[in-house]
Amino acid sequence: MLSHIKIVLVETSHPGNIGAVARAMKNMNITDLCLVSPKFFPNAEATSRASGADDILAKATVYDSLQEAIADCEMVIGASARCRTISWPEMTPRECAETVAINESGNKVAIVFGRENSGLKNHELDLCHFLLRIPCNSEYSSLNIAAAVQVVCYELFVAAGMQEAITIGDKGKTPKATAIQMESFYTHLYEALTDIGFMHPDKSKSIMRRLRRIYNRVQLDIKELDILRGILRMSQDHQRK
């Protein structure tokens with residue numbers, strides 16, 4: 001039931017951490033590892049730290065950007081320990097697992113982990129529907145990336161076991177919009193808001209970030225996205241007349 005889960009690591013510095021993450025994933029029967037611009041990979045230290053999870057490393061896919069890694073995903077969850085100026089919808093690992101485990105197996109889900117020393121940047125979190133926070137000691141909240149992945153994968157493994165006997169209804173349900181479809185929508189939204197004079201250069205970045213929060217919370221399906229883009233096109237056409 002966990003074949004639709006991607007674990008995505010962004011710009012990992014230490015190859016040993018990649019191996020340790022692969023080991024954590026295999027413990028919990030999660031096999032899809034994606035690496036975004038790792039500093040060193042493949043690497044002997046990664047293989048050594050994998051401790052028998054070599055098959056996870058062998059199948060790992062390397063991407064040049066986070067956008068490419070999540071392009072086929074309907075849900076993207078970014079893990080971060082840091083508080084942000086603009087709030088994201090948050091979930092714990094258990095809430096994440098309960099949400100993800102009941103997803104149809106055909107709907108890809110990416111769980112994204114950032115750099116060891118600085119985590120995910122704001123523009124990377126812009127691509128995420130939810131922010132995942134692991135509750136821990138407030139006086140010492142620094143988790144090794146492999147430990148963080150282990151916690152999340154454990155919760156997924158447990159939740160999947162609980163959901164295994166449940167049949168998901170509504171098989172004709174409209175698919176959720178993928179990450180690449182959402183990015184195309186956001187580009188169109190920015191263009192339309194500029195065309196109608198709503199966007200101002202000094203505020204456009206913060207406005208778009210807040211609009212992303214709104215639409216990411218909703219998790220639009222393809223039909224809903226088509227409706228919104230139709231509205232944007234008509235607004236642009238009306239403005240040009």
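In this text, all values refer to a predicted model and were calculated from it rather than measured experimentally.

(A) How the structure looks around the overall build of the protein. The helix and strand tally for the protein stands at 10 helices and seven strands. The globule rule puts the C-alpha radius of gyration for 241 residues at 18 Å, and the 19 Å found for the protein is close to it. Seen through its C-alpha atoms, the protein measures out along the principal axes to roughly 65 × 45 × 35 Å. The contacts of the protein with a sequence gap of at least 6 include a subset with a gap of at least 24, amounting to 85%. Only carbon and sulfur atoms are counted for the fraction: they give 52% of the accessible area of the protein, which is about 12500 Å². Side-chain charges in the protein split into 28 positive and 28 negative, and the spacing between the mean points of these groups amounts to 3 Å.

(B) Expanded view of the sheet that holds strand β2 (residues 32-36). Sheet architecture is open: seven strands sit in the order β3-β2-β1-β6-β4-β7-β5, paired in parallel fashion. Of all the strands in the sheet, the pair left with one neighbour each is β3 (61-63) and β5 (90-91). Two elements, strand β1 (residues 5-10) and β2, share five bridges in a ladder whose sense is parallel. By the bridge assignment, V10 is partnered in β2 with V36.

(C) Summary view of the confidence of the model for the protein. The predicted model of the protein has a mean per-residue pLDDT of 87, with 90% of residues at 70 or higher. Predicted confidence for residues 165-171 stays below pLDDT 50, and this span has two contacts to residues more than four positions away or in other chains.

(D) Just unusual backbone geometry, in detail. Each neighbour pair has its own omega, and for F41 with P42 the value is -5°, a cis peptide bond. If you trace the backbone, P42 turns up in the loop between β2 and α2 (44-50). Despite not being glycine, E11 has its phi angle at roughly 50°, a positive value. By relative accessible area, which is 35% here, E11 ends up partly exposed. Notably, N29 is not glycine yet its phi reads approximately 65°, a positive angle. Position of N29 relative to the elements: it lies in the loop between α1 (15-27) and β2.

(E) Structural view of the pairing of strand β4 (residues 75-79). Counting buried positions along β4 yields five of five residues, so the element is predominantly enclosed. Here β4 shows a buried face lined by M75, I77 and A79 and a second buried face lined by V76 and G78. Judged from the three bridges that link them, β4 and strand β7 (residues 130-132) form a sheet pairing that is parallel. Each bridged residue has a counterpart across the sheet, and for G78 the counterpart in β7 is L131.

(F) Looking closely at the nonpolar core. Ranked by size, the top nonpolar core spans 42 residues in total, and within it I7, L9, L33, F113 and V149 carry the most contacts. The contacts of L9, once residues within four sequence positions are left out, are I18, V21, L33, C34, L35, V36, F113, I145 and V149.

(G) Spatial organisation of the packing of aromatic side chains. The tally for this structure, following the rule as stated, stands at two aromatic pairs. With 5.5 Å between their ring centres and 50° between their planes, F185 and Y186 make a pair best called tilted.

(H) The arrangement of the packing of helix α8 (residues 179-195) against helix α10 (residues 222-240) in detail. Running from N to C, α8 and α10 cross one another at 25°; their axes reach a closest spacing of 10 Å. Between α8 and α10, the angle is such that the two are roughly parallel. The two elements α8 and α10 cross, and the hand of that crossing is left-handed. Contact with α8, carried on its side by Q181, M182, S184, F185, H188, L189, E191, A192 and D195, involves I222, L225, L228, R229, L232, R233, Q236, Q239 and R240 of α10 and no other residues of that element. In the contact of α8 with α10, the residues fall into eight nonpolar, five polar and five charged.

Quick notes on the rules
Residues numbered from 1 in each chain as written. Predicted model: local features only at pLDDT ≥ 70, side-chain atom pairs only at ≥ 80, totals over all residues. Heavy atoms only, no water. Helix = DSSP H or I, 4+ residues; strand = E, 2+ residues; numbered from the N terminus. Rg over C-alpha atoms; globule rule 2.2 N^0.38 Å. Contact = heavy atoms within 4.5 Å. Areas by Shrake-Rupley, 256 points an atom, 1.4 Å probe, with all protein chains shown as cover. Lys, Arg positive; Asp, Glu negative; His and termini not counted. Charge placed at Lys NZ, Arg CZ, Asp CG, Glu CD. Pairing = 2+ DSSP bridges. pLDDT = per-residue confidence, 0-100. Buried < 20%, exposed > 50% of the residue type's maximum accessible area, 1.4 Å probe, protein only. Core = buried A, V, L, I, M, F, W, Y, C linked by side-chain atoms within 4.5 Å. Phe/Tyr/Trp six-rings, centres within 6.5 Å; stacked < 30°, edge-to-face > 60°. Axes fitted to C-alpha atoms, helices over the stretch in contact; angles between N-to-C directions. Parallel < 35°, antiparallel > 145°, perpendicular 65-115°, else oblique. Left-handed = near helix turned anticlockwise from the far one by under 90°. Nonpolar A, V, L, I, M, F, W, Y, C, P; charged D, E, K, R; others polar.

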